[in-house]
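Listed below are the residues making up each chain.
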There are 2 protein chains.
Amino acid sequence: MAQKIATTSGDKENDGTRRPRVPTMKQIAEEAKVSIKTVSRVMNNDPAVKEATRGKVMDVAGTLGYRPNTPARTLVTGRSKTIGLLISDIGNYFFSEIVKGVQVATEEEGYSLLLCDTGENPDTELRCVDLLLGHKVDGLILSSSRLKDDQISNVAKYSDVVLCNRTHPDEKVRSVCIEDNALHLATEHLIELGHRHFGYIGGPVRGRAAWMREEGCREVLARHGFEKPIVASGFPVSIEGGYEAMNWILDVKPEVSAIVTYNDMLAIGAMKAVQARGLKVPEDISVVGFDDLNFAAHTNPPLTTVSVPIFRFGYKAAQLLFGAIRPNGDDTPHSDVIKCHLVIRSSTGKVKA
Amino acid sequence: MAQKIATTSGDKENDGTRRPRVPTMKQIAEEAKVSIKTVSRVMNNDPAVKEATRGKVMDVAGTLGYRPNTPARTLVTGRSKTIGLLISDIGNYFFSEIVKGVQVATEEEGYSLLLCDTGENPDTELRCVDLLLGHKVDGLILSSSRLKDDQISNVAKYSDVVLCNRTHPDEKVRSVCIEDNALHLATEHLIELGHRHFGYIGGPVRGRAAWMREEGCREVLARHGFEKPIVASGFPVSIEGGYEAMNWILDVKPEVSAIVTYNDMLAIGAMKAVQARGLKVPEDISVVGFDDLNFAAHTNPPLTTVSVPIFRFGYKAAQLLFGAIRPNGDDTPHSDVIKCHLVIRSSTGKVKA
DNA sequence: ATGAAAGCGCTAACAT
DNA sequence: ATGTTAGCGCTTTCAT
């Protein structure tokens, strides 16, 4: 028996192609013969409803296929159960893994995730932030943000903010960073192997993380009193970019025996370039990467690299954010550092005698 | 001079840590001495406003830092300028690249993107769909959906739907697929090289795409009257899984000379396993992958694989969706097929005499 | 334990 | 070219 669902009015002839009207609390209330507020209470798990009433309401809601209207709720409460995530390139495994970590934590919390890809462009980033704020996101995770400190402070006035891979003077702004020390270990490792002539292949030109890593390499060498590394920067952060960068280094300073890179992609490209010149890795030149992507163990030769628990990185960022969002979450930690470790494989070896 | 912004009422003592009240159209209207509807018109680029008025409103909006309240607009219009995207594993390059394609198209359209990762779980997928529908998304892209046809039909009643890599009988449901023929080419290529004993390493066990590819391989062999391939399935779709699968095949049927795989990750693992046994690729065994991931050209040996323009895949899916969403978009195409081609590198060669 | 009324910020339908 | 009114679906007082 086809059940006719009562609508308030204007129950236009359903021409078959139109979308069915989705049920509202009002309809549930009428059908279940309770007030609209009681329906609301049931939907919000308010304990102050009799089991019988709750059951009745749930039944009706079930058969009608009721689904709470998030925007309506957001309008009145000011909270959307949604967070925003900004990243600079989702095609990059590093970021996609961050997204995964954030996504998992978000789902655990019963939240939704609005994603924006800014392409490392500060203007796009600002537009995205506005867009997300317009959506009334309860919080924002900014990964490799290109914004200025005061711009971020400004955003933090309107929403809780967590920064990935960047610190911020404003104590309202939370952040989670990769342990800077990690690249030091890589450099030390090469020093122990006897290397003295270093090359460094850099990452995104204006990125903070890129700068920190480059500095880390320089610092360790300086501390040991060795000569400065030759730095190749401005190349695309890709296998191809690493290839070109390595060729440039080999042209300019052929005596290098150890190459430290911003990430695994560059390292792979660098190894290719070395091999293309008839040289061998690691016999002639050692190369170390950063990230430990899932195929780093499967390159030729297997890549020595700094292993970063990227998923945990994203997961942590989201947890920090929810710590801020949750009522009484003010006493949760405001920052975190993700520990990394060096994975020694076969792309590094003793310097030639 | 600090400007005091007038608020309607209840201008509570700002205790310094509270969020500032965000301006509304009403405030803009008062400040600019126009009606709230005029502000609305300006914000919606209604041409029927005098330039002078528009300028005045824009000015006030600018200084007050006005930002339209999306949920409020959504509540009244029923449209959120947001689409939902469901994928099964964002850590997988294939999906992250789809996300990228969708994201770019979405941004071009001035829309926002809600992302869910379902982990290939139909229940999670259903929950996510409900969540997104609750957000009033204007459309939904389902990538490798595990839902049943009628479940999808049901979703399509409430929102425009585009399927990635799956067709659907319901004509309301749009879809974009990878050309099934692609894997045929790979198999034919191996046949031309003289191979007769095939192995196939399969993908996700209940996935449609996985099944189509496996069938494609079988079909081509059958057409040529060659023996059936030995099929390794149920292994994790990863380098490690490929490694194990290949070992299994080598144990069970050592005479295989050609391996077709569901994707590049499996192919890389397979090559590893072959090499670990002291055999050579392609001299002893040829291997072909699928996807042409960015590092497929850099494996050892460089991988022969079916190149899939994944970005375009996602981009197309979003375009199809916006075609449906846009008013008068009914006459736009309802499905599309993404062409692939075989990239012959060095992991395939003539069969040993 | 439940209900009535007000209103969140915006747009649609009708004025003028 | 601009304004008025009503109401989207929900939650928040405040009653009862």
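Residues take numbers from 1 onward in each chain, read along the sequence in its written order. To label them, take the chains in the order written and letter them from A, then take the ligands in the order written and number them from 1. Restriction of local features to residues with pLDDT of at least 70 applies here, the model being predicted, together with a cutoff of 80 or more for giving and counting side-chain atom pairs; totals for whole chains, interfaces and linings are based on all residues. Excluding hydrogens and water, the side-chain values take into account all heavy atoms of the structure.

Q: Would you explain the protein's contact with DNA strand D in this entry?
A: Residues in close proximity to DNA strand D total 25 residues, the closest being Met-25, Lys-37 and Tyr-66 of chain A together with Ser-35 and Thr-38 of chain B. One heavy atom within 4 Å of a molecule or strand is enough for the residue carrying it to be called near that molecule or strand. In the interface set of DNA strand D, defined as its atoms within 4 Å of the protein, sugar plus phosphate atoms amount to 63%. Within the side chain of Tyr-66 of chain A, an N or O atom sits 2.3 Å from a phosphate oxygen of DNA strand D. In protein, a polar contact requires one atom able to donate a hydrogen and another able to accept it; more generally it is a pair of N or O atoms within 3.5 Å, and residues adjacent in sequence count only if both atoms are side-chain atoms. Between Lys-50 of chain B and DNA strand D, the recorded distance is 2.8 Å, taken from a backbone N or O atom to a phosphate oxygen. Counting from the N terminus, the helices are DSSP H or I runs at least four residues long and the strands are E runs at least two residues long. For the surface near DNA strand D, the elements supplying multiple residues, two or more each, are helix H2 (36-43) and helix H4 (70-77) of chain A together with helix H2 (36-43) and helix H4 (70-77) of chain B. With five residues, H4 of chain A is the single largest residue contributor to the surface near DNA strand D. Residues were grouped as follows: Ala, Val, Leu, Ile, Met, Phe, Trp, Tyr, Cys and Pro as nonpolar; Asp, Glu, Lys and Arg as charged; and all remaining residues, including Gly, as polar. Taken together, the residues that form the surface near DNA strand D break down as 12 nonpolar, eight polar and five charged.

Q: Help me understand the interface of chain A and chain B, please; the structure alone is not making it clear to me.
A: Quite often, the size of an interface is put as the accessible area lost when its parts meet. Any two residues whose heavy atoms approach within 4.5 Å are treated as being in contact. Every contact between the two is made by 53 residues of chain A and, on the other side, 53 residues of chain B. Surface buried jointly by chain A and chain B totals about 4700 Å² across both partners, of which 56% is contributed by carbon and sulfur atoms. For the chain A face of the interface with chain B, the top three residues by lost area are Arg-19, Arg-67 and His-298 of chain A, together amounting to 14%. Definition used for salt bridges: Asp or Glu carboxyl oxygen within 4 Å of a side-chain nitrogen of Lys or Arg. Run the count over chain A and chain B and you get eight salt bridges. In this structure, Asp-117 of chain A engages Lys-100 of chain B in a salt bridge whose closest nitrogen and oxygen atoms are separated by 3.5 Å. Scanning the region where chain A abuts chain B turns up 15 residue pairs in polar contact (both at pLDDT 80 or more). At the level of elements, H4, helix H5 (93-108), strand S2 (112-117), helix H6 (122-134), helix H7 (149-158), helix H10 (239-252) and helix H11 (264-276) of chain A are the ones that each hand at least two residues to the side of chain A that touches chain B. Accessible area, probed at 1.4 Å, shrinks when two parts are joined; the buried area is that loss added up over both.

Q: Whenever I open this one, the packing of H4 of chain A against H4 of chain B confuses me. Can you help?
A: Helix-helix packing is characterised by the crossing angle of the two axes and by the distance between the axes. Remark: H4 of chain A packs on H4 of chain B, axes separated minimally by 8 Å, with the N-to-C direction vectors making an angle of 135°. Taken together, the axes of H4 of chain A and H4 of chain B lie oblique to each other. Helix-helix and strand crossings are classified by hand; for H4 of chain A and H4 of chain B the assignment is left-handed. Each of Pro-71, Ala-72, Thr-74 and Leu-75 of chain A in H4 of chain A lies in contact with H4 of chain B, whose residues at this interface are Pro-71, Ala-72, Thr-74 and Leu-75 of chain B. Partitioning the contact of H4 of chain A with H4 of chain B into residue classes produces six nonpolar, two polar and no charged. To obtain each axis, a line is fitted to C-alpha atoms, and for helices this fit is confined to the stretch in contact; angles are then taken between N-to-C directions over 0 to 180 degrees. Small angles under 35 degrees read as roughly parallel and large ones over 145 as roughly antiparallel, with 65 to 115 read as roughly perpendicular and the rest as oblique. Here a crossing is taken to be left-handed if its near helix is turned anticlockwise relative to the far helix by less than a right angle, and right-handed if that turn runs clockwise.

Q: Before we go on, may I ask you to explain the domain arrangement of chain A in this structure?
A: Under the domain assignment, chain A is made up of domain 1 (2-68), domain 2 (81-178 + 310-338) and domain 3 (182-309). Computed from C-alpha atoms alone, the centre-to-centre distance between domain 1 of chain A and domain 2 of chain A is 36 Å. Here the bounds of each domain stem from an automatic or database domain assignment.

Q: What should I look at first to understand the packing of helix H1 (residues 25-32) of chain A against H2 of chain A in this one?
A: Residues and elements named next belong to chain A. It is the contact of H1 with H2, at a shortest axis distance of 8 Å, that shows an interaxial angle of 110°. Taken together, H1 and H2 sit at an angle that is classed as roughly perpendicular. Facing Met-25, Lys-26, Ile-28 and Ala-29 of H1, the residues of H2 in contact are Ile-36, Val-39, Ser-40 and Met-43.

Q: Would you mind showing me how to read the protein's contact with DNA strand C here?
A: Residues in contact with DNA strand C amount to 24 residues; listed here are only the nearest, Ser-35, Thr-38 and Thr-53 of chain A together with Met-25 and Tyr-66 of chain B. A share of 67% is what sugar and phosphate atoms reach among the atoms of DNA strand C within 4 Å of the protein. At a separation of 2.8 Å, a base oxygen of DNA strand C approaches a polar side-chain atom of Arg-41 of chain A. Tyr-66 of chain B places a side-chain nitrogen or oxygen 2.3 Å from a phosphate oxygen of DNA strand C. Elements that contribute at least two residues to the surface near DNA strand C include exactly H2 and H4 of chain A together with H2 and H4 of chain B. It is H4 of chain B that provides the largest number of residues to the surface near DNA strand C, a total of five residues. Looking at the surface near DNA strand C residue by residue, the classes come out as 11 nonpolar, eight polar and five charged.

Q: Honestly, the sheet that holds strand S8 (residues 258-261) of chain A in this entry has me stumped. Any pointers?
A: Residue and element names in this part refer to chain A. Taken together, the six strands give an open sheet; going across it, the order is S7-S6-S8-S9-S10-S12, and neighbouring strands pair in mixed fashion. In this open sheet, the two edge strands, each paired with only one partner strand, are strand S7 (230-232) and strand S12 (341-343). With strand direction ignored, the average angle separating the axes of adjacent strands in the sheet is 20°. Here, strands pair whenever DSSP counts at least two bridges between them. Across four bridges, strand S6 (residues 198-201) lies against S8 in parallel orientation. What sits directly across from Phe-198, in S8, is Ala-258.

Q: How should I be thinking about the packing of aromatic side chains in this particular structure?
A: Centre distance and the angle of the planes are the two values used to describe a pair of aromatic rings. Residues and elements named next belong to chain A. Stacked, tilted and edge-to-face are the three classes applied to pairs of Phe, Tyr and Trp rings, where Trp contributes its six-membered ring and a pair requires centres within 6.5 Å; stacked means planes under 30 degrees apart, edge-to-face means over 60, and tilted covers the rest. Evaluated as defined, the whole model comprises nine aromatic pairs over all chains. Both rings, one in Tyr-111 and one in Phe-322, keep their centres 4.9 Å apart while their planes meet at 65°; by these two values the pair is edge-to-face. On the criterion of sequence distance, the pair formed by Tyr-111 in the loop between H5 and S2 and Phe-322 in helix H12 (residues 310-325) is long-range, its members being 211 residues apart. Three or more aromatic residues link up through ring pairs in this structure, and these residues are Phe-94, Phe-95 and Phe-313. Sitting over the ring of Phe-290, Arg-213 keeps its end group 3.7 Å from the ring centre. Definition used: whenever NZ (Lys) or CZ (Arg) falls within 6 Å of the ring centre and also within 35 degrees of the ring normal, the charge is taken to sit over that ring.

Q: What am I meant to see in the sheet that holds strand S11 (residues 335-338) of chain B here?
A: Strands in a sheet are paired, the pairing made by backbone hydrogen bonds, and the direction either parallel or antiparallel. Read across the sheet, 12 strands follow the order S11(A)-S5(A)-S4(A)-S3(A)-S1(A)-S2(A)-S2(B)-S1(B)-S3(B)-S4(B)-S5(B)-S11(B) without closing on themselves; strand pairing throughout is mixed. One side of each edge strand has no neighbouring strand; the edge strands of this open sheet are strand S11 (335-338) of chain A together with S11 of chain B. Within the sheet, the average angular offset between the axes of one strand and its neighbour, ignoring direction, is 20°.

Q: Looking at this structure, I do not really get the nonpolar core. What am I missing?
A: Generally speaking, nonpolar side chains in soluble globular proteins are found buried as a group. Among buried residues, the Ala, Val, Leu, Ile, Met, Phe, Trp, Tyr and Cys ones that are joined through side-chain atoms within 4.5 Å form a nonpolar core. The rule is simple: take the accessible area with a 1.4 Å probe, protein chains only, and divide by the maximum for that residue type; under 20% is buried, over 50% is exposed, in between is partly exposed. Membership of the largest hydrophobic core comes to 140 residues, with the highest contact counts inside it found for Ile-141 and Met-246 of chain A together with Ile-141 and Met-246 of chain B. Sequence-distant contacts of Met-246 of chain A, defined by excluding residues within four places in its chain, comprise Ile-201, Ile-259, Ala-270, Ala-273, Val-274 and Ile-285 of chain A. Val-129, Leu-132 and Ala-156 of chain A together with Leu-147 of chain B belong to the second-largest nonpolar core, a separate cluster that totals 34 residues.

Q: Where do I start with the relation of the copies chain A and chain B in this structure?
A: All copies are superposed by least squares; the fitting set is the C-alpha atoms of residues with a pLDDT of at least 70 in both. Rotating chain A by 180° and translating it 0.1 Å along the rotation axis places it on chain B, where the RMSD comes to 0.1 Å. In symmetry terms, the pair is related by a two-fold rotation axis. Both copies present the same face, since 100% of the interface residues in chain A are matched by interface residues at the equivalent positions in chain B.

Q: I would appreciate a short explanation of the pairing of strand S2 (residues 112-117) of chain B in the present structure.
A: Along any regular strand the residues' side chains alternate between the sheet's two faces. Counting buried positions over the six residues of S2 of chain B gives six, a clear majority of the element. Every second residue of S2 of chain B is oriented toward a common face, with Ser-112, Leu-114 and Cys-116 of chain B on one face and Leu-113, Leu-115 and Asp-117 of chain B on the other, all of them buried. Relative to S2 of chain B, S2 of chain A is paired through three bridges, and the arrangement is antiparallel. When the sheet's bridge partners are listed, Leu-113 of chain A is paired in S2 of chain B with Leu-115 of chain B. Pairing between strand S1 (residues 82-87) of chain B and S2 of chain B: six bridges, direction parallel. When the sheet's bridge partners are listed, Leu-86 of chain B is paired in S2 of chain B with Cys-116 of chain B. Whether a crossover is right-handed depends on one test, that the path from the first strand over the helix to the second runs clockwise when the strands point away from the viewer. A crossover connection joins S1 of chain B to the parallel S2 of chain B through helix H5 (residues 93-108) of chain B; in handedness this β-α-β unit is right-handed.

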